[in-house]
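Fold and contact review
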Amino acid sequence: MNRARLLSLQVLVAVLGLAVWHVLTTTPLLGDPRKMQFFFSTPFDVLARCARDLEGSEIWRHLAITLTETGLAFVIGAGGGILIGFWFARQELLAAVFAPYVKAINALPRVVLAPIFALWFGLGIWSKVALGVTLVFFIVFFNVYQGVKEVSPVILSNARMLGMNERQLMRHVYWPSALSWMFSSLHTSVGFALVGAVVGEYLGASAGLGYTIQQAEGVFDVTGVFSGMLILAVVVVLVDNLVTLLERRLLVWRPGQATETARR
Amino acid sequence: MQETVIRSADADAASRVVVHLNNVAIAYRLKDGGSYEAVAPATLSISEGEFVSIVGPTGCGKSTLLNAAAGLTTPSSGRVEIFGRRLDGLNGAAGYLFQEDALMPWKTAIDNVAIGLEVAGAPRRQALSTARALLDRVGLRGFADRYPHQLSGGQRKRVGLAQVLARQPKILLMDEPFGPLDAQTRILMGDLLLNLWQQDRKALLFVTHDLEEAIALSDRVVVMSSGPSSRLIGDFRIDLPRPRHIADIRVEPSFHALHREIWNTLKTEVQKAYELGEGKDL
């Protein structure tokens, strides 16, 4: 299928969705339009609100805060995950001892940690960063751990026969392998960093996109909720595309990489 | 290492033997506490400039014996001597060409070849120029910046060969290197290998299950019995003239005589291995 056709079909889905939404909320098909609009707003109202918000400076401040939290959560979580993942993969005893605890903490739904983090780190950005870190850390940790463990034994033997010592094996074999696993989970981990930030803001904050959505919800402003969600969705898609670009640059050596990214 | 050997008393004999497997046996410990003897005590010497092949039925432990010479496997008894010295740990004097793809997929062809020199302390510039020259020699001019997955199986083998040769090892060990390739490519690769080897004639131990390949390439063909407890059961000198071309040499009458002679020894072992395999699978 060619690109133009795919794109036009994708646009068609959006137009159809909006049309159905518009018809159901402005005609008495499913009930009183005013009641419907209270619960579901209308596409034009939402778009108008979006446009108005984006003209002002307030939404940009919230967006900047959310993105700052996301960035910090990703950098700290990924850094920790790489370090600990590497360390555990090279120290079998350590990994074995901590395995049940790692699993237990990872199994915990992170939402329950949000109030605790708010208590510890306050209502500013750091409690949101902490929430994001707990999400990102484990994804990166498991991938790096796996990446180090799954290095092909033949490649390893070959590298040894080529005269590499432990330090050189780290640099030329373990590290690239671990990085490739980490990058393959980049979409997930960046997404989770954003989720951590927004959920954290939603549960208690004074700024950020999650906060604006929560505020709108508090006054039954459905249009405000939807416009907040729309802005969030657009940001997520943009960030995801950025990650794809980065991935394409960094993983040129991986077989099938070109075709895979082309499909995205 | 070599020099100390040459200066020793029995200089004449010792200087010629590069790899000496002295009653080397390899056994694995099983989970139930018993042990499985893959290779029964085997003695084999490879002299300087000699191309020796080990042939045997699949699963006979030829690769295991090769790994012992490389230091990748530790013998359960006996000793491996390299230039008269007992091998402890990896064999630093040897280059090893693996059967499977062993290139680092995250490095380009040229970086894969240069890495052996770089880790040995060569400046990157110099390593790259040596690597480029080697890629030319294995017929990969213009493929230096390709990643392994962008190369064909035969091209990857060529890079592997260049990678091994880059460090100028005194001993070459090859474990069915052309096994995964198609028949035509194998002939081309065999000729390339002979061509490169001819230039500086290093001691080369080559493992294969393909008797024709072994005869066409080698000075000596050693036959191994089927496992477990495989033994060396034949040692044949191949006195075909060099330089050889694999496609041509295979139609020579003397080639056929040698083939018949060695095959008589190998045949029963192949049958044994086959029957054993049939029994095991069921």
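The structure displayed is predicted, hence computed values, not measured ones. (Residues numbered from 1 in each chain as written. Chains lettered and ligands numbered in written order. Predicted model: local features only at pLDDT ≥ 70, side-chain atom pairs only at ≥ 80, totals over all residues. Heavy atoms only, no water.)

Overview of the nonpolar core
The nonpolar side chains of a soluble globular protein tend to be buried with one another. Residues and elements named next belong to chain B. Here is the rule we go by: What makes a nonpolar core is a set of buried Ala, Val, Leu, Ile, Met, Phe, Trp, Tyr and Cys residues whose side-chain atoms join them at distances within 4.5 Å. A simple rule labels every residue: compare its accessible area, found with a 1.4 Å probe on the protein chains alone, to the largest value its type can have, and call it buried under 20%, exposed over 50%, or partly exposed in between. Contacts are assigned to residue pairs with any non-hydrogen atoms lying within 4.5 Å of each other.
If you look at the biggest cluster of nonpolar residues, it comprises 51 residues, and the most contacted ones within it are Leu-135, Leu-193 and Ile-215. In this view, Ile-215 contacts Val-221, Ile-238, Leu-240, Arg-244, Phe-255, Leu-258, His-259 and Ile-262; residues no more than four positions away in its chain are not counted. In terms of nonpolar packing, the next biggest core, distinct from the first, is built from 36 residues, Ile-26, Ala-38, Leu-44 and Met-224 among them.

Some thoughts on the domain arrangement of chain A
It is common to give the size of an interface as the accessible area that goes away when the parts come together. Residue and element names in this part refer to chain A. Our working definition: Each domain's extent was defined by an automatic or database domain assignment. Accessible area that two parts lose when put together, evaluated with a 1.4 Å probe and summed over both, is termed the buried area. Should a side-chain nitrogen of Lys or Arg be within 4 Å of a carboxyl oxygen of Asp or Glu, the pair is scored as a salt bridge. Polar contact is defined as a pair of N or O atoms within 3.5 Å, subject to the rule that within protein one atom must be able to donate a hydrogen and the other to accept it, and that residues adjacent in sequence are counted only when both atoms are side-chain atoms. For helices the rule is a DSSP run of H or I covering at least 4 residues; for strands it is a run of E covering at least 2, with both sets numbered from the N terminus onward.
Each assigned domain of chain A is listed here: domain 1 (1–40) and domain 2 (42–263). Taking only C-alpha atoms, the centre of domain 1 and the centre of domain 2 are 32 Å apart. Counting residues at the interface gives 9 residues for domain 1, matched by 7 residues for domain 2. Between domain 1 and domain 2, a total of about 710 Å² is buried, with carbon and sulfur atoms accounting for 77% of that surface. The largest contributions to the domain 1 side of the interface with domain 2 come from Trp-21, His-22 and Phe-38, which together make up 55% of the buried area. Linking domain 1 with domain 2 are 0 salt bridges. On inspection of domain 1 and its partner domain 2, the count reaches 0 residue pairs in polar contact (both at pLDDT 80 or more). Sorting the residues of the side of domain 1 that touches domain 2 by element identifies α1 (3–26) and α2 (33–40) as the ones contributing at least two each.

What about helix α9 (residues 166–184) of chain A?
Since the α-helix turns once every 3.6 residues, residues separated by three or four places project in the same direction. Formally: Expected span of a helix, by definition, is 1.5 Å for each gap between consecutive residues, and there is one gap fewer than residues.
With 19 residues, α9 of chain A extends 26 Å between its outermost C-alpha atoms, agreeing within 8% with the 27 Å of an ideal straight helix rising 1.5 Å per residue. Turning to α9 of chain A, its buried residues are Gln-168, Leu-169, His-172, Val-173, Tyr-174, Pro-176, Ser-177, Ala-178, Ser-180, Met-182 and Phe-183 of chain A. Close packing links the buried residues of α9 of chain A with α4 (58–90), α7 (125–149), α8 (153–161), α10 (186–203) and α12 (222–250) of chain A together with α4 (109–119) of chain B. Sitting at the amino-terminal end of α9 of chain A is Asn-165 of chain A, which places a side-chain oxygen 3.2 Å from the backbone nitrogen of Arg-167 of chain A.

As for the sheet that holds strand β4 (residues 77–82) of chain B
The strands that make up a sheet are held in pairs by hydrogen bonds between backbone atoms, and each pair lies either parallel or antiparallel. Residue and element names in this part refer to chain B. Our working rule: Any two strands with at least two DSSP bridges between them are considered paired. Only the stretch in contact is used when fitting a helix axis, every axis being a line fitted to C-alpha atoms; angles between N-to-C directions are given from 0 to 180 degrees.
With respect to topology, 4 strands assemble into an open sheet ordered β2-β1-β4-β5, the strand pairing being antiparallel. With one partner strand each, in any of the chains shown, β2 (35–47) and β5 (85–86) form the two edges of the open sheet. Note that strand β1 (residues 17–29) and β2 share 9 bridges and pair antiparallel. The residue of β2 that forms the bridge with Ile-26 is Val-39. Across the sheet, helix α3 (residues 62–70) is in contact with β1, β2 and β4; its angle to β1 comes to roughly 120°.

Some remarks on the sheet that holds strand β8 (residues 203–208) of chain B
Residues and elements named next belong to chain B. Taken in spatial order, the 6 strands of this open sheet run β6-β7-β8-β3-β9-β10, and their pairing is mixed. Edge strands, defined here as strands with exactly one partner in the open sheet, are β6 (94–97) and β10 (232–237). Averaged over all pairs of adjacent strands, the angle between strand axes in this sheet comes to 15°, irrespective of strand direction. Examined bridge by bridge, strand β7 (residues 171–175) and β8 share 5 bridges and lie parallel to one another. Across the sheet, Leu-172 pairs through a bridge with Leu-204, a residue of β8. Each of β3 (51–55), β7 and β8 touches helix α7 (residues 183–200); the most contacted strand, β8, lies at about 165° to it.

Comments concerning the pattern of salt bridges
The tally for this structure, following the rule as stated, stands at 20 salt bridges over all chains. Notably, a salt bridge pairs Arg-90 of chain A with Glu-166 of chain A, separated by 2.5 Å at the nearest N-O pair. Taken as a pair, Arg-90 of chain A in helix α4 and Glu-166 of chain A in helix α9 lie far apart in primary sequence, 76 residues in all. Residues joined in a network through salt bridges with shared partners are Glu-50, Arg-220, Asp-235 and Arg-237 of chain B.

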